[in-house]
Structure formats: C-alpha cells, structure tokens
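Descriptive structure summary
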Amino acid sequence: MEKYIINGGNRLYGSVEIQTAKNSVLPVLAATVLTDEKVRILNVPNISDVKNMVKILTRLGCKAVYDGNDLVVDGSSADCYEIPSELAHELRSSVFLLGSVISRFRMAKIAYPGGCDIGLRPVDLHLTGLKKLGVDITEENGYIICKCEKLRGTEIMLDCPSVGATENIMLAAVRADGTTVIKNAAREPEIEDLQRLLNLMGAKVRGAGSSSVIIEGVEKLNGCDFLPIPDRIEAGTFLVGAAMCGGEVELNRVCAENVSSLLHKLRENGCKISINNDKIILENHKRLTSVKSIETQPYPGFPTDLQAQITALCCVCRGHSIITENLFETRFKYVPELRKMGADVTVINRNAFVRGVERFKGATVVAHDLRGGAALVLAGLAAEGRSEILDISHIDRGYGSYEYKLRKLGGDIVRVSV
Ligand code: UD1
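My aim in this report is to walk through the structure given alongside it, one point at a time. (Residues numbered from 1 in each chain as written. Predicted model: local features only at pLDDT ≥ 70, side-chain atom pairs only at ≥ 80, totals over all residues. Heavy atoms only, no water.)

**Side note on the nonpolar core**
Soluble globular proteins tend to pack their nonpolar side chains together in the buried interior. What counts is decided by this rule: In these notes, a set of buried Ala, Val, Leu, Ile, Met, Phe, Trp, Tyr and Cys residues joined through side-chain atoms within 4.5 Å is what counts as a nonpolar core. For every residue, the accessible area (1.4 Å probe, protein chains only) is compared with the maximum for its type, and the residue is labelled buried under 20%, exposed over 50%, or partly exposed between those bounds. Contact criterion: two residues are considered in contact whenever any of their non-hydrogen atoms come within 4.5 Å of each other.
Ranked by internal contacts, the top residues of the largest apolar core, which has 75 residues, are Leu-29, Leu-97, Leu-98, Met-170, Leu-197, Leu-198 and Met-201. Residues within four places of Leu-98 in sequence aside, it is in contact with Ala-108, Ile-110, Leu-127, Leu-130, Ile-144, Cys-146 and Asn-168. Within the second largest apolar cluster, 72 residues are counted, among which are Phe-238, Val-254, Ile-273 and Phe-332.

**Overview of helix α2 (residues 48–59)**
Under the convention used in this document: Every helix listed is a DSSP run of H or I at least four residues long, and every strand listed is a run of E at least two residues long, numbered separately from the N terminus. Here the expected length of a helix is defined as 1.5 Å per residue gap, with one fewer gap than residues.
Compared with the 16 Å implied by 1.5 Å per residue over 12 residues, the 16 Å span of α2 between its first and last C-alpha is a close match. All of the buried residues along α2 are Asp-49, Val-50, Asn-52, Met-53, Val-54, Ile-56 and Leu-57. Structurally, α2 contributes buried residues whose contacts are with α1 (22–31), β4 (63–67), β5 (70–74), β6 (82–83), α3 (85–88) and α4 (97–105). Of the residues flanking the end of α2, it is Gly-61, one or two places downstream, whose phi is positive at about 105°.

**What to know about the pairing of β5**
Defined as follows: If DSSP finds at least two bridges between two strands, the strands pair.
Within β5, 5 of the 5 residues are buried, which leaves it mostly tucked inside the rest of the structure. Side chains Asp-70, Val-72 and Asp-74 of β5 all project onto a buried face; the interleaved residues Leu-71 and Val-73 project onto the opposite face, where all are buried too. When strand β3 (residues 38–41) meets β5, the two strands line up antiparallel, connected through 4 bridges. Opposite Lys-38, over in β5, you have Asp-74 as the bridge partner. Taken together, the 5 bridges between β4 and β5 define a ladder with antiparallel strand orientation. Opposite Asp-67, over in β5, you have Asp-70 as the bridge partner. Between the end of β4 and the start of β5, which pair antiparallel, lie 2 residues, with Gly-68 showing a positive phi angle near 65°.

**Description of the pairing of strand β19 (residues 320–324)**
On a regular strand, each side chain points to the face opposite its neighbour's, so the side chains alternate between the two faces of the sheet. Note the following rule: Seen with its strands pointing away from the viewer, a crossover is right-handed when the path leading from the first strand over the helix to the second is clockwise.
As judged from the 3 bridges shared by strand β18 (residues 293–295) and β19, these two strands associate in the parallel manner. Bridging from a neighbouring strand, Glu-295 pairs with Thr-324 of β19. Once the chain exits β18 it traverses helix α10 (residues 307–315) before rejoining the sheet at β19, and the crossover so formed is right-handed. As paired elements, β19 and strand β21 (residues 351–355) share 5 bridges and run antiparallel to each other. Counterpart to Ile-322 in the pairing with β21 is Phe-353.

**Observations concerning the site of the ligand**
Under the convention used in this document: It suffices for a single heavy atom of a residue to lie within 4 Å of a molecule or strand for the residue to be listed as near it. Side-chain atoms alone can form a polar contact between residues adjacent in sequence; in general such a contact is a pair of N or O atoms within 3.5 Å, and within protein one must be able to donate a hydrogen while the other accepts it. In short, Shrake-Rupley with a 1.4 Å probe defines the accessible areas, and a residue's cover is counted only from the protein chains shown. Residue classes follow a fixed rule: Ala, Val, Leu, Ile, Met, Phe, Trp, Tyr, Cys and Pro count as nonpolar, while Asp, Glu, Lys and Arg count as charged, and any other residue, Gly among them, counts as polar.
Residues in close proximity to the ligand total 20 residues, the closest being Asp-124, Leu-125, Ser-162, Asp-305 and Leu-327. At 2.7 Å, a backbone N or O of Val-163 approaches an oxygen atom of the ligand. When the ligand is considered free in solution it has 740 Å² of accessible area, and contact with the protein chains removes 87% of it. Within the residue set of the shell around the ligand, elements represented by two or more residues are α5 (124–132) and α6 (163–173). By residue number, the principal contributor to the shell around the ligand is α5, which donates 3 residues. The residue inventory of the shell around the ligand, partitioned by class, reads 9 nonpolar, 6 polar and 5 charged.

**Topic: the environment of Cys-255**
Structurally, Cys-255 can be placed in the loop between β15 (247–252) and α9 (260–269). Residue class for Cys-255 comes out partly exposed when judged on its relative accessible area of 30%. Considered as a pair, Cys-255 and Gly-207 are 48 residues apart in the sequence and their alpha carbons are 20 Å apart.

**Quick look at the pattern of salt bridges**
Here is the rule: We define a salt bridge as a side-chain nitrogen of Lys or Arg found within 4 Å of a carboxyl oxygen belonging to Asp or Glu.
Per the counting criterion, the structure on display carries 23 salt bridges. Residue Lys-220 pairs with Glu-37 through a salt bridge whose shortest N-O separation is 3.6 Å. Of this pair, Lys-220 sits in the loop between β13 (212–216) and β14 (224–226) while Glu-37 sits in the loop between α1 and β3; the two residues are 183 residues apart in sequence, bridging distant segments of the chain. Looking at Glu-37, the relative accessible area reads 33%, which means it is partly exposed. Within this structure, Glu-2, Asp-396, Glu-403 and Arg-415 form a network of salt bridges that share partners.

**So, the side chain of Lys-265**
Structurally, the position occupied by Lys-265 is in helix α9. Given a relative accessible area of 16%, Lys-265 falls into the buried group. Within the structure, the side chain of Lys-265 is placed 3.2 Å from the backbone oxygen of Ser-293, a separation counted as a polar contact. If near-sequence neighbours (up to four positions away) are discounted, Lys-265 is found in contact with Val-291, Ser-293, Ile-294 and Phe-302.

**Here's the deal with a nonpolar patch on the surface**
The line we're drawing: Nonpolar side chains (Val, Leu, Ile, Met, Phe, Trp, Tyr) are joined into patches within 5 Å and like charges within 9 Å, using only residues with over 30% relative accessible area and no salt bridge.
Taken together, the side chains of Ile-322, Ile-348 and Phe-353 present a nonpolar region at the surface, about 240 Å² in accessible area. Relative to the helices and strands, Phe-353 resides in strand β21.

**Quick look at the side chain of Glu-337**
Here Glu-337 shows up in helix α11 (residues 335–340). Discounting residues that sit within four places of it in the chain, Glu-337 has contacts with Val-365, Val-366, His-368 and Leu-376.

Now the structure itself:
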C-alpha cells in the first residue's frame, strides 16, 4: 500500500505533458483482438488500468510488448475466449472485450466486471445490443457466457447514450454480416477515436461523434499504428489544480475543444485561460468566485469524471455552488474526506451543496475512487499544512506519474510505502 504526503500551499508554475486518453486506450486495446496482425499503440499511458488490460490480453493468448512508450499487441496467437474473475474484477473495461472476443471466436466467457466503486454500473445495454446482433447470452455463477453462429448487422437503439455500450457494439459489429446502426449512441471524443482506429484497421465506420454510428461489416481487419487522443480528464484535472492552487500552468498536447465545458466554468470562476493550438495556459492569482451550478451530463456536457475536481475547487471559492451528479449515483464518496479538510459541503441525493471556505486545512484522507482521489490530492496541494492521501492505488488506475508531474509544477508531494 502506498500513500501521498503533501505539504500544501505552493502555487503551481510550469508546463505539463498530457498523456494519451485512458478511456481511448482501453477500448483500443480491446480492438486489437479483432485482427491477427500487429497493432502499435503510440505513447501509451503508464497507468494500472492499461497494465491490467494488457494482462487480460495476454491471458487471451495475445502477445503484448512495450517498445519505449509504445505498446505493440500481436493478436495472431490469441486462442482463449475466457476472462477469469480475478482479472475482470480489477477492471471494468474488461467488458469491452466481450464485443471483440465474440467477434473473433464466436464465443466469450467473462466474469462480471469491476472498476471504480461509484454506484451501480450495469451492463444491460451492452448485453441487449449484443443480443440484437445475434449473440445468445446466458449468465452462470457470476460469468456472462456468449455464443453465436454469426453476427448480423441490425439497428440498435440505446436506452441511454452509454459510452461503453456504444464502443462494445461497435467492436462486435465491425466484422458482422451487413450494416449496424447504433441510435442514441454516446458522443464522447473517445468514440470518435475508436472509429478512427477501426477505420485504420480496415473497418467501415462512420457517424461517431454524432448520436448515430453506422458500421458496415467487413470480412477482415488489419494491423496499424495508432496515436490515441490526449486525455481530456487528466488535462481537466491539472487545469482545476492550477485554478485551485494559483499560479500559471501550460498544458501541452491537449485538445481544447474536448474540455470546453470545463473551460467555460473556469472562465466563469475568474480564471484567465488562453489557447494556442494544442496548448492551454491557465493563470490565476486570486481567490475565485463560485459558479452557481454545475450538472454532469453526457458529452458535450460537463463530464462526470471532472465532477469531484470541480467540487473541490468550488469548496474554496467565494460564494455558494450546487453540483449535481446525473450519471453515477454514489460519486460523492470523496465529500466526507473533503469535509475533514475543512470544506463546507453537504450531499443530498444527487446534489452537493457547497459554501465556499477561505482555504482547505491539511488532513489525513482516503481515496475511495479514481477521480475522487485525484481531487483530494489537489485539495491537499491547495491546503494549509500537511495532508496524507491514503489508498492511492485508485489514482494509479488513471493518472500516469501524477506526483512527478505535480512536483515538476512546484507541488510538494511524495509517494511513500506504508
Ligand atoms: C465511461 C468511462 C468513465 C465515464 C463514463 C461516463 C471508460 C473506460 N469509462 O464509463 O470514465 O465516467 O463513461 O462518461 O470509457 N448504463 C446503464 N446500462 C449499461 C451501461 C450504462 O444503465 O449497460 C448507465 C450507467 O449506469 C450510467 C450511464 O449509463 O448511469 C453512463 O454509463 P456509461 O456511459 O456506460 O459509462 P462507462 O462506459 O461505464
């Protein structure tokens, strides 16, 4: 077990390189099973979710080799369609493999997935979509068992625009007979990125980024080299950190359009933000003013994955805010921890009611999930005094070299074994 020790109060100055997007790399890794040629993923982030996905691919018989920061996956030797529970429980994204494994082997057996404990995360939309493509699905002893003779293109209307279900259905449909249309598809940039990869592999996919994704099935997919988009959530986290601690931070290799809902709120708060191609510079030297309300929504709305970070920022702004979480019901587990740091915030159902205080005070707090954990670190950096953040393995799931990057900006943060 490891923890962070933080001496808060330093302003953040300097530049930071944004990693490739976790939520793009994970479905891209799942897609590598669709071909028996090599797929090279460039600049893969050094995070445990990727390492766990690689473990699963290896269990399936794929060969995955790091070449510097790139990861080369060779699916030619894949010979197994079962994902055991100890691996699936480590990583919710293992469920994306259903689509590609069934496409490759006409069979798949996967334990119910794990991932962040942020409330009920059902997979019913994934399964309904796969059934419509002709997959026969049974559930037995905690395993989902899929079989099919043939995958057949069809029209699938999602009850809600689920990111994972959209991606999983795309992965299954690329090699199906005929055309599949996903309606009410999620519009997240990572879905467009998956389309870009699949088309480089020889698939015929269009419409990603809109609510209708159209996939014409092809016989065979080939290998390719692929650079995923920058991680908009990591970028957003550093922007909020700079806003909270004060200073001037430049993010490199970032797509401003993909974080525009956050930039809009930060400007409303009083931050000075400039954009120059793939750079964003945020400058702030004063206590910010609260934004009245923020609601999480599917893209292009405010992302649920930045909800904890922006709530932490609101806690030290001047004035009141209401933050509403519309996607995951228990995504406020970090709130009692922020209260230990002096925040005045109360959660009622899906709403966090925040009254801004002057500053956080250092405290020992526990990271309960990935984004909540990242937000606690930012609060520790902004706080007066010393903080300890426990259970940081949650943070390692999605942030590569988090403390190195923060230290480079001037944050006083170290990782310690306990
Ligand atoms: C993905 C992201 C995650 C982000 C989330 C929302 C990855 C690896 N993870 O997660 O970081 O927080 O999008 O932007 O990309 N739902 C159902 N049934 C289903 C599937 C989902 O009811 O079968 C509901 C969920 O409970 C939730 C909503 O749909 O309320 C959105 O979930 P979804 O978009 O599927 O999130 P994930 O793909 O799990």
